[in-house]
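Coordinate analysis (summary)
Single-letter residue listing:
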Amino acid sequence: MNHRHIIITGGAKGIGLGCVEAFVRGGCRVTILDIDESGPRLGERLGKQVHFIYCDVAQEQMVSDALSEAIARFGEVEVLINNAGIQRYSTVTETTEEEWDLVMNVNLKSAFFCAKHAIPSMQRRGGGIVINISSVQAFVSQEKVAPYTTSKTAMLGLTRSIAIDYAPQIRCVAICPGTVDTPMLRNAIALSPDPAEVYNECVDMHLLKKIGVPSDIGELAYFLAGENAGFFTGQAIRVDGGLGIRVDGSKRS
Ligand SMILES: NC(=O)c1ccc[n+]([C@@H]2O[C@H](COP(=O)([O-])OP(=O)(O)OC[C@H]3O[C@@H](n4cnc5c(N)ncnc54)[C@H](O)[C@@H]3O)[C@@H](O)[C@H]2O)c1
């Protein structure tokens, strides 16, 4: 995939950074759209093929301006990875309208904005792929994640729509990770009185008795973006260590 231009939202940390590193290893030019203050230093660490643009992807004008800047620097876009996301913990009755809108805007509306402004560039170059980072929470869920799980489930609808509307030129797939060791996870378990116990519970709920690392997702995204994955579109691909496939109580002693 030498010299191809990849846009990765939320690429300064966690899963997004795992994707950035996978595509840089593959010789791609990567534009990161993020609001994290560590972003500008990433170029120094990863080399000239990485360009950071400060962009709140929940704001359409910032996305539109960032895409113009990215295309002027690295050329037309071949791959868009909609990865930026936030987690909030609340039930429907506890969630304020502001929290609901924030989660929906950052996790879902941002993917719509980025796709809307990247797809015309993919069309000009003759094709491309949109990869949406959803979650296993599009299929199985837990307590107090009402806005998050809703946003991640809706991403699968967006994935199908893009796949249908722009085939055969443009493919669109969703990746649904299980628990991955990132700042998001560490911040979440730090809210508990016993973070070590919560971490061990996370490990235990995966059939493979481990949680993922960002490169697990980055390498899958790299594969899906490549020609060897040219028959994948419209699907949600779970990379989750077997989380949620076993029926409770089915284990024989
Ligand atoms: N970590 C997990 O266990 C896990 C599991 C399933 C899905 N996911 C999803 O993967 C994605 C990445 O998660 P992570 O764990 O790496 O999170 P993280 O919090 O570690 O990193 C998220 C990145 O997104 C950026 N970001 C947040 N809001 C933004 C905005 N408005 N505009 C631009 N950038 C913004 C942050 O600055 C950060 O760099 C998210 O969509 C998340 O929902 C994570």
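The structure reproduced in this document is the subject of the present report. Per-chain numbering applies: the sequence of each chain, read as written, is numbered from 1 onward. In keeping with the predicted nature of the model, local features appear solely for residues at pLDDT of at least 70, side-chain atom pairs appear and are counted solely at 80 or more, and the whole-chain, interface and lining totals rest on all residues. Where side-chain values are given, they derive from all heavy atoms of the structure, hydrogens and water being excluded.

Overview of empty space enclosed by the protein
Note the following rule: Put plainly, a pocket is an open set of points on a 1 Å grid over the protein atoms alone with protein on both sides within 12 Å along at least five of seven lines, a cavity is a set where a 1.4 Å probe fits but cannot get out, and a lining residue has an atom within 4 Å of a point. Grid points are joined across faces, edges and corners, and a volume is the space filled by probe spheres set on the points. A run of H or I in DSSP counts as a helix once it spans at least four residues, and a run of E counts as a strand once it spans at least two, with each numbered from the N terminus. For this scheme, ten residues count as nonpolar: Ala, Val, Leu, Ile, Met, Phe, Trp, Tyr, Cys and Pro. Four count as charged, namely Asp, Glu, Lys and Arg, and the remainder, Gly too, count as polar.
What the rule picks out here adds up to one cavity of 30 Å³ or more. Size it by volume and the largest cavity reaches roughly 30 Å³. In terms of lining, the largest cavity is formed by Thr 9, Asn 82, Asn 83, Ala 84, Asn 107, Ser 110, Ala 111, Cys 114 and Met 155. Ranked by residues supplied to the lining of the largest cavity, first place goes to helix H4 (residues 97-125) with four residues. The class makeup of the residues in the lining of the largest cavity is four nonpolar, five polar and no charged.

Observations regarding the site of the ligand
Note the cut-off: Only a single heavy atom is needed: when it lies within 4 Å of a molecule or strand, its residue is near that molecule or strand. Reported accessibility uses the Shrake-Rupley method at a 1.4 Å probe radius. Residues are deemed covered only where the shown protein chains occlude them. Annotation comment: domain bounds sourced from an automatic or database domain assignment.
In the vicinity of the ligand, 27 residues are found, and the nearest of them are Asp 34, Asn 83, Tyr 148, Val 180 and Thr 182. Computed on the free molecule, the ligand has an accessible area of 830 Å², of which 93% lies beneath the protein chains in the complex. Counting only elements with at least two residues in the shell around the ligand, the list comes to helix H1 (14-25), helix H5 (146-166) and helix H6 (183-190). Partitioned by chemical class, the residues of the shell around the ligand number 13 nonpolar, nine polar and five charged. Taken domain by domain, the makeup of the shell around the ligand includes at least three residues from each of domain 1 (5-177 + 213-239) and domain 2 (179-211).

Describing the packing of aromatic side chains
The test is simple: Centres within 6.5 Å are what make two rings of Phe, Tyr or Trp a pair, Trp counting through its six-membered ring; a difference in plane orientation under 30 degrees is then read as stacked, over 60 as edge-to-face, and the rest as tilted. Using a 1.4 Å probe on the protein chains alone, a residue whose accessible area is under 20% of its type maximum counts as buried, one over 50% counts as exposed, and one in between counts as partly exposed.
Under the definition given, this model contains three aromatic pairs. Ring centres of Phe 23 and Tyr 222 lie 5.2 Å apart, and the angle between their planes is 70 degrees; this geometry places the pair in the edge-to-face category. Separated by 199 residues along the polypeptide, Phe 23 in helix H1 and Tyr 222 in helix H8 (residues 214-225) bring together distant segments of the chain. By relative accessible area, Phe 23 is classed as buried at 0%. Ring plane angle 85 degrees and centroid distance 6.2 Å describe the contact between Phe 223 and Phe 232, whose orientation is recorded as edge-to-face. When its relative accessible area of 34% is taken as the criterion, Phe 232 is described as partly exposed.

A short note on unusual backbone geometry
Cis geometry is found at the peptide bond from Ala 167 to Pro 168, where omega equals 0 degrees. Along the polypeptide, Pro 168 turns up in the loop between H5 and strand S6 (170-177). One non-glycine residue, Lys 144, adopts positive backbone phi at about 60 degrees. Relative to the helices and strands, Lys 144 resides in the loop between strand S5 (128-133) and H5. Judged by relative accessible area, which is 40%, Lys 144 ranks as partly exposed. One non-glycine residue with positive phi stands out, namely Lys 209, at about 55 degrees. Along the chain, Lys 209 turns up in the loop between helix H7 (195-205) and H8.

Structural notes on the nonpolar core
The test is simple: Joining through side-chain atoms within 4.5 Å is the link that ties buried Ala, Val, Leu, Ile, Met, Phe, Trp, Tyr and Cys residues into a set, and such a set is a nonpolar core. Contact between two residues is taken to exist if any of their heavy atoms lie within 4.5 Å; hydrogens are not considered.
Core analysis: the biggest nonpolar cluster contains 32 residues, and Val 20, Phe 23, Val 30, Ile 81 and Ile 131 have the highest contact counts within it. Of all the elements, H1 adds the most residues to this core, at six residues. Contacts of Val 30, omitting those with residues within four sequence positions, involve Ile 6, Ile 8, Val 20, Phe 23, Val 24, Gln 49, Val 50, His 51 and Phe 74. Membership of the second largest hydrophobic core comes to 29 residues, among which are Val 57, Phe 113, Ala 115 and Met 155.

Here's the deal with the sheet that holds strand S2 (residues 29-34)
The condition that has to hold: Note: two strands are recorded as paired if DSSP finds a minimum of 2 bridges between them. Fitting a line to C-alpha atoms yields each axis, with helices limited to the stretch in contact; the angle taken between N-to-C directions then spans 0 to 180 degrees.
The parallel open sheet is built from seven strands, whose spatial order is S3-S2-S1-S4-S5-S6-S7. Every other strand in the sheet has two partners, leaving strand S3 (50-54) and strand S7 (236-239) as the edge strands with one partner each. Going across the sheet, the axis of each strand differs from the next one's by a mean of 20 degrees, ignoring polarity. Pairing of S6 with S7, which is carried by four bridges, proceeds in the parallel orientation. Considered in S7, the bridge of Cys 176 is made with Arg 238. Against the sheet, H8 contacts strand S4 (79-82), S5, S6 and S7, and its axis sits at roughly 160 degrees relative to S6.

Comments concerning the side chain of Thr 182
Inspection of the secondary structure puts Thr 182 in the loop between S6 and H6. The exposure class assigned to Thr 182 is buried, which follows from its relative accessible area of 10%.

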